[in-house]
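Structural overview for review
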Amino acid sequence: MAKDPRPAEELTIWEDARAMINKARAEGIETVHERLQKQTPHCKFCELGTSCRICTMGPCKITPKSPRGVCGADADVVVARNFGRFVAGGAAGHSDHGRDLIEVLEAIVEGETKDYKITDEDKLRRISAEVGIETEGRDIKDIARDAMECFFGDFGSRKKEVSFLSRVPQKRKDIWTKLGMVPRGVDREIAEMMHRTHMGCDNDAPNTLLHAARTSLADGWGGSMIGTELSDVIFGTPTPSMSQANLGVIKEDKVNILVHGHNPVVSEMILAASRDPEIVAEAKAAGAAGINIAGLCCTGNELLMRKGIPMAGNHLMTELAILTGAVEAVVVDYQCIMPSLVQISSCYHTRFIDTAAKARFTGATHFDIHPHNAYEQATEIVRLAVKAYSERDASRVDIPCEPVEIMTGFSNEAVISALGGSLDPLVQAIAAGDIRGAVGIVGCNNPKFQQDSMNVGLAKELIKKDILVLVTGCVTTAAGKAGLLVPDAIEMAGPGIKKVCGALGIPPVLHYGSCVDNARILQLCAALADALNVDISDLPVGASSPEWYSEKAAAIGLYAVASGIYTHLGHPPNILGSETVTNIAVSGLEDLVGASFVIEPDPVKAAELFDERIKAKRIGLGLSE
Ligand code: BF8
C-alpha cells in the first residue's frame, strides 16, 4: 500500500467509488490509485515524448546538452515517431475489433455458426448499397458475402480508399486528397506507420504527423465504422430504451456476472446463456434469485445500447466493482482490462475468465471462444459463475448504492426515426438556434484526474449553453450517474435544448454507444454537412475527451480533427517535448484540415472554448446567435 494515500474524495466524484476505495484500503487491496502514487513522478522524458526506444543504438533521451539521439534524430522526429506509433496502436485496437465482426459475418455466410445470425437485414442492405454492392432482388446471404469480401478488402492494400469514404462530404475528401491523407487500407496505414517510424525512414515530423492522421482516418472511417455497422447487422441496431447505472446494478441476491472489454461477440453470448432456463434453474437451486449480467466499459456499452443491460461502471470502476464482494465472474474479451483485476478477483470468490487468444491474462481461466463454439462455451462460463455463488462470503458483500435510471440506444437510425424520418428537424433546430451546436464527449477515466469530474462537468456546462451532448465510451456511465441520461435532465439545460429535447422526450445528453461507435458521430456529422451543403469543419460541432488515457482515444481525437472537428483534450499527449509537433496539433492543423486540438483541464473553461467556436461556426454559416 502506498504511503499517505490520497483521500477517496479527491480521487473520484462518486460515493460508490469512494466507498469501495475505502473498503479496498481497509482490506489491504491495492488499486490503480495506489499504483499511480507509486509510479509518480513519471519519467520527464517519456512525458515529453523525447525518449526513444526504437532501436538498440539507444535508448536515447533528448536534452539541451544532447539534442540528438545516436542516429541524429532531434526532438521533433522523436516526438512525431512516438506519437505516430501511439496512434497506430489505437487504430489497430479498434480496427482489429472491427475485423473480428467481419469474421463472425464470414462464419454466418459460410454456415459455420448457429450462434450468430443476421439480425438487421435492412441495415445490411442499406450499408451494402452505400459501399457499392448490388442489393436489388438479391438473397441476403449473397449480399452478406459481398459485404464480407468488401470489408475484408478495406483492411488490405488493393483499394485506393476504404469503402465508407462514400459517406464523406466531397469537400473533406478533396482536403484529404490534397494532403495525401486518404486512408487506403486499415492494415496498410498501420503497417506504413510502423515502417515510417523505423530508424532511418520518415525523418520529417510534419510528414509523419500527416500519416498519423491518415492512419487515424483508416480507423474512424474504416475499422471502427465497420465494427459498429456489422455489430448492428449481427446483434441489432440500437433503439431507445431505459436501463440503469452504477454499482447498485450488482444484485445481492443474484449470481452476478460482469462483462468487460469491447466486442459484443462474447458478451452477447454470455447474456444469451444467462437466460437459458436450465442454467437459471441451476442458479435458483444454488439459492440465488437469478442471474444478473451487468456491463463494464465498452462491451457494457454494446449490451446497454442494444439490450438495455445495466452498466456497473466505467474504467476506474472496474477494480471497484469486484470489491463489492458480490461478483461471481468477470468475463473479458479485450482492451482496457487492467491486469490487476486478476489479483483483485483472487481476493474474493470471483472467477476471472478471459476469452480471446489475443488477450490472455496470467492467472485467468481461459475459454477459447470462436463463432462455432461461442454459445456452448458461454454456457460453461455462466455455469462456473453459478458454482462460484455458493462460495460467496456474505460478510464481505457491500453494494454501496441504489442504481440510477438512464436512457440509452441513440443510434443514428433511432435519432432519425425519432425526428420523423429525416435529419431536417435537427437541421432546423440548429438553424433556429434552439440547438446551437453539438459536442461528442468521449473516452476514458484516468487516475491522474478526479474520476469523472471533467466528464460530467463539461457535459453540464455545455447543455446549459444549448449545446447538445452525445456521449460514448466511459463518459456514458459518468453522464448516467450524474442524472444526465434521462429526459428530466432537460431541467439542467438551456431553454432551446429544453424545448427541443422536451418535445421529443429525450435527454439533453444522448448515449451514442461504445468507443468504436464514435463512427456513428462521424456519420452524423457527414450527414449534417451534406444537408447544409458544407464541409464538416463548417459545422457548429466539437469533440472532447476530457479524461482520456488510451492509444485508442488518441486515434479517435486525431480522426475527429482530421475530419474537421475541433477537439478538446483534458491533458496533452506526450508531445510537449517538440514545439513543432505541439504547434501543429494546437494550431497548424487548423490551416490544413480546418480543425485542431485544444488542451484545457478546466471543464468550465473548456465549455467556454466550445461556446466561442460554435458561435464562430454559426456566424460562418450565416446563422443567428
Ligand atoms: O474504448 S473509453 S477507458 S473502455 S479507451 Fe477504454 Fe477509454 Fe473506456 Fe472503451 Ni474507449
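Residues numbered from 1 in each chain as written. Predicted model: local features only at pLDDT ≥ 70, side-chain atom pairs only at ≥ 80, totals over all residues. Heavy atoms only, no water.

Okay, the coordination of the nickel atom of the ligand next. Looking at the protein side alone, the nickel atom of the ligand has one donor only, Cys515 (SG), at 2.2 Å. Summarising the element assignment, cysteine 515 is placed in the loop between strand 13 (509–513) and helix 22 (518–532). (Donors = N, O, S within 2.8 Å, 3.2 Å for Na, K, Ca; no water. Helix = DSSP H or I, 4+ residues; strand = E, 2+ residues; numbered from the N terminus.)

Looking now at the pattern of salt bridges. Tallied over the full model, the rule gives 45 salt bridges. For lysine 358, the salt bridge identified is with aspartate 100, shortest N-O distance 3.1 Å. Residue lysine 358 is located in the loop between strand 8 (351–354) and strand 9 (365–366), and its partner aspartate 100 is located in helix 5 (residues 75–109); the two are separated by 258 residues in the primary sequence. Of the residues examined, lysine 358 reaches a relative accessible area of 47% and is grouped as partly exposed. Lysine 159 is paired through a salt bridge with aspartate 154; the nearest N and O atoms lie 2.7 Å apart. Residue aspartate 154 is classed as buried on the basis of its relative accessible area of 1%. (Salt bridge = Lys/Arg side-chain N within 4 Å of Asp/Glu carboxyl O. Buried < 20%, exposed > 50% of the residue type's maximum accessible area, 1.4 Å probe, protein only.)

Lining the immediate environment of the ligand, one finds His262, Cys297, Cys298, His315, Cys336, Gly443, Cys444, Cys474, Cys515, Tyr549, Ser550 and Lys552. Within the side chain of histidine 262, an N or O atom sits 2.6 Å from an oxygen atom of the ligand. Here an oxygen atom of the ligand sits 3.0 Å away from a polar atom, N or O, in the side chain of lysine 552. In the shell around the ligand, the residues fall into 7 nonpolar, 4 polar and 1 charged. (Near = heavy atom within 4 Å. Polar contact = N/O pair within 3.5 Å; in protein donor to acceptor, adjacent residues only side chain to side chain. Nonpolar A, V, L, I, M, F, W, Y, C, P; charged D, E, K, R; others polar.)

In this section: the nonpolar core. The tendency in soluble globular proteins is for nonpolar side chains to be buried side by side. Counting 203 residues, the largest nonpolar core has Phe151, Trp221, Ile257, Ile270 and Ile291 as the members making the most contacts within it. If you tally residues by element for this core, the top one is helix 10 (residues 205–235), at 13 residues. Contact partners of phenylalanine 151, with chain neighbours within four places excluded, come to Ile102, Ile127, Val131, Phe164, Ile226 and Leu230. Counting 6 residues, the second-largest nonpolar core is a separate cluster that includes Ile62, Ala73, Ala75 and Val77. (Core = buried A, V, L, I, M, F, W, Y, C linked by side-chain atoms within 4.5 Å. Contact = heavy atoms within 4.5 Å.)

For strand 14 (residues 541–545), the tally of buried residues reaches 5 of 5 residues, placing the bulk of the element in the interior. Pairing analysis gives 4 bridges linking strand 14 to strand 15 (residues 566–569), with the strands arranged parallel. By the bridge assignment for strand 15, serine 544 is matched with histidine 568. (Pairing = 2+ DSSP bridges.)

In this section: the UniProt feature "binding site: [4Fe-4S] cluster 1" (unreviewed entry) in the protein chain. Listed under "binding site: [4Fe-4S] cluster 1" (unreviewed entry) in the UniProt record, and renumbered for this structure, are Cys43. Its place among the elements puts cysteine 43 in the loop between helix 3 (32–39) and helix 4 (44–48). Under the relative-accessibility criterion, cysteine 43 is labelled partly exposed at 37%. (UniProt positions renumbered as here; feature names shortened; annotations may be inferred.)

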